[in-house]
Amino acid sequence: MAKVLVLYYSSYGHLETMANAVAEGARAAGATVDVKRVPETAPLEVAKAAHFKLDQAAPVATIADLEHYDAIIVGAPTRFGRLASQMASFLDQAGGLWMRGALNGKVGAAFTSTATQHGGQEVTLFSMITNLLHFGMVIVGLPYSHQGQMNMTEIVGGSPYGATTLAAGDGSRQPSEIDLAGARHQGELVAKTAAKLFS
Ligand SMILES: Cc1cc2nc3c(=O)[nH]c(=O)nc-3n(C[C@H](O)[C@H](O)[C@H](O)COP(=O)(O)O)c2cc1C
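Residues numbered from 1 in each chain as written. Predicted model: local features only at pLDDT ≥ 70, side-chain atom pairs only at ≥ 80, totals over all residues. Heavy atoms only, no water.

Draft legend 1. Structural detail: the packing of helix H1 (residues 14–28) against helix H6 (residues 177–198). Where H1 meets H6, the axes come as close as 6 Å, and the angle between the chain directions of the two elements is 45°. Judged by the inter-axis angle, H1 sits oblique to H6. Considering the relative orientation of H1 and H6, their crossing is right-handed. Residue-level contacts link Thr 17, Met 18, Ala 21, Val 22, Glu 24, Gly 25 and Ala 26 of H1 to Asp 179, Leu 180, Ala 183, Arg 184, Gly 187, Glu 188 and Ala 191 of H6. Residues of the contact of H1 with H6, tallied by class, amount to seven nonpolar, three polar and four charged. (Axes fitted to C-alpha atoms, helices over the stretch in contact; angles between N-to-C directions. Helix = DSSP H or I, 4+ residues; strand = E, 2+ residues; numbered from the N terminus. Parallel < 35°, antiparallel > 145°, perpendicular 65-115°, else oblique. Left-handed = near helix turned anticlockwise from the far one by under 90°. Contact = heavy atoms within 4.5 Å. Nonpolar A, V, L, I, M, F, W, Y, C, P; charged D, E, K, R; others polar.)

Take a look at the structure:
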């Protein structure tokens, strides 16, 4: 049975919801799944002033956790077109694991959220995927087996590079059924790939 970590950062809850959907998909495919978040690095007064969702159920991950999983699915929102610094700061502390090659050959994947349709989804996904490739991980995206990403009658997230959602400028849009289906499907694909590689 593959061991999967869904590791996310979320200021306003969109990625938290997506992380739980990714986890649901991985569990449905038979994996043992933990959902953890990375530490908040913004000062408390800044986070409060910006109305961050500070009460999130997921435990906070440590770097030491990472090597205990067969697959790590990383989710962070866009900040100015690239990944949020909270996640970058966490991953930047994994130099020791990188030196030992501790994550080599594990399965990696990325998911994200932006305010707008063209506000940086693909670049943000790749900013995380680049990091995972440096760790030596084997990347799983979100192929067109998630047919929802072809939908042109409504605004939808989802790209071949990973599951996504759109939050709108004021955060009022929540992940849609199609966005959540993409997240579940990516979780399922990662779990199945890890099971093939590690069972
Ligand atoms: C400082 C800052 C910069 C942002 N930059 C972008 C951006 O470049 N493009 C975009 O579409 N959304 C941008 N956003 C919106 C966030 O991506 C959005 O709030 C996030 O996807 C919601 O996910 P969350 O609820 O998990 O935090 C930005 C938000 C903040 C606070």
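Draft legend 2. Structural context of H6. Between its terminal C-alpha atoms H6 stretches 31 Å, which fits the 32 Å expected from 22 residues at 1.5 Å a residue. What H6 keeps buried is the set Ile 178, Asp 179, Leu 180, Gly 182, Ala 183, His 185, Gln 186, Gly 187, Leu 189, Val 190, Ala 191 and Ala 194. Those residues of H6 that are buried lie in contact with strand S1 (3–8), H1, strand S3 (71–79), strand S5 (107–114) and strand S7 (164–166). (Expected span 1.5 Å × (residues − 1). Buried < 20%, exposed > 50% of the residue type's maximum accessible area, 1.4 Å probe, protein only.)

Draft legend 3. Spotlight on unusual backbone geometry. Phi at His 51 is positive, roughly 60°, even though this residue is not glycine. Checked against the element boundaries, His 51 lands in the loop between helix H2 (44–49) and S3. The class of His 51 is exposed, set by a relative accessible area of 65%. Despite not being glycine, Ala 168 shows a phi value in the positive range, around 70°. Inspection of the secondary structure puts Ala 168 in the loop between S7 and H6.

Draft legend 4. Region of interest: the site of the ligand. Residues in close proximity to the ligand total 17 residues, the closest being Ser 10, His 14, Leu 15, Ser 113 and Gly 119. Backbone polar atom of Ala 115 to an oxygen atom of the ligand: 3.0 Å apart, as the coordinates give it. Gly 119 has a polar backbone atom sitting 2.8 Å from a nitrogen atom of the ligand. Burial of the ligand by the surrounding chains reaches 79%, relative to a free accessible area of 640 Å². Of all the secondary structure elements, the ones that give two or more residues to the shell around the ligand are H1, S3 and S5. (Near = heavy atom within 4 Å. Polar contact = N/O pair within 3.5 Å; in protein donor to acceptor, adjacent residues only side chain to side chain. Areas by Shrake-Rupley, 256 points an atom, 1.4 Å probe, with all protein chains shown as cover.)

Draft legend 5. Structural view of the UniProt feature "binding site: substrate" (unreviewed entry) in the protein. Following the UniProt record, the feature "binding site: substrate" (unreviewed entry) maps to Trp 98 here. Relative to the elements of secondary structure, Trp 98 occurs in helix H4 (residues 95–100). In this structure Trp 98 touches His 134 and Phe 135, once residues within four positions along its chain are discounted. (UniProt positions renumbered as here; feature names shortened; annotations may be inferred.)

Draft legend 6. Quick peek at the packing of aromatic side chains. Evaluation of the coordinates by the stated rule reveals two aromatic pairs. Plain terms: the ring middles of Tyr 12 and Phe 52 are 5.4 Å apart, the flat faces sit at 85° to each other, and that makes the pair edge-to-face. One end of the pair, Tyr 12, is in the loop between S1 and H1; the other, Phe 52, is in the loop between H2 and S3, and 40 residues separate them in sequence. On the basis of relative accessible area, Tyr 12 is assigned to the partly exposed category, the value being 44%. Residue class for Phe 52 comes out buried when judged on its relative accessible area of 16%. Where Phe 126 meets Tyr 161, the ring centres are 4.9 Å apart and the plane angle is 55°; that geometry is what we call tilted. One end of the pair, Phe 126, is in helix H5 (residues 121–134); the other, Tyr 161, is in the loop between strand S6 (138–139) and S7, and 35 residues separate them in sequence. Owing to a relative accessible area of 38%, Phe 126 belongs among the partly exposed residues under this scheme. The ring of Tyr 69 is capped by Lys 3, whose NZ or CZ atom sits 5.2 Å from the centre of that ring. (Phe/Tyr/Trp six-rings, centres within 6.5 Å; stacked < 30°, edge-to-face > 60°. Lys NZ or Arg CZ within 6 Å of the ring centre and 35° of its normal.)

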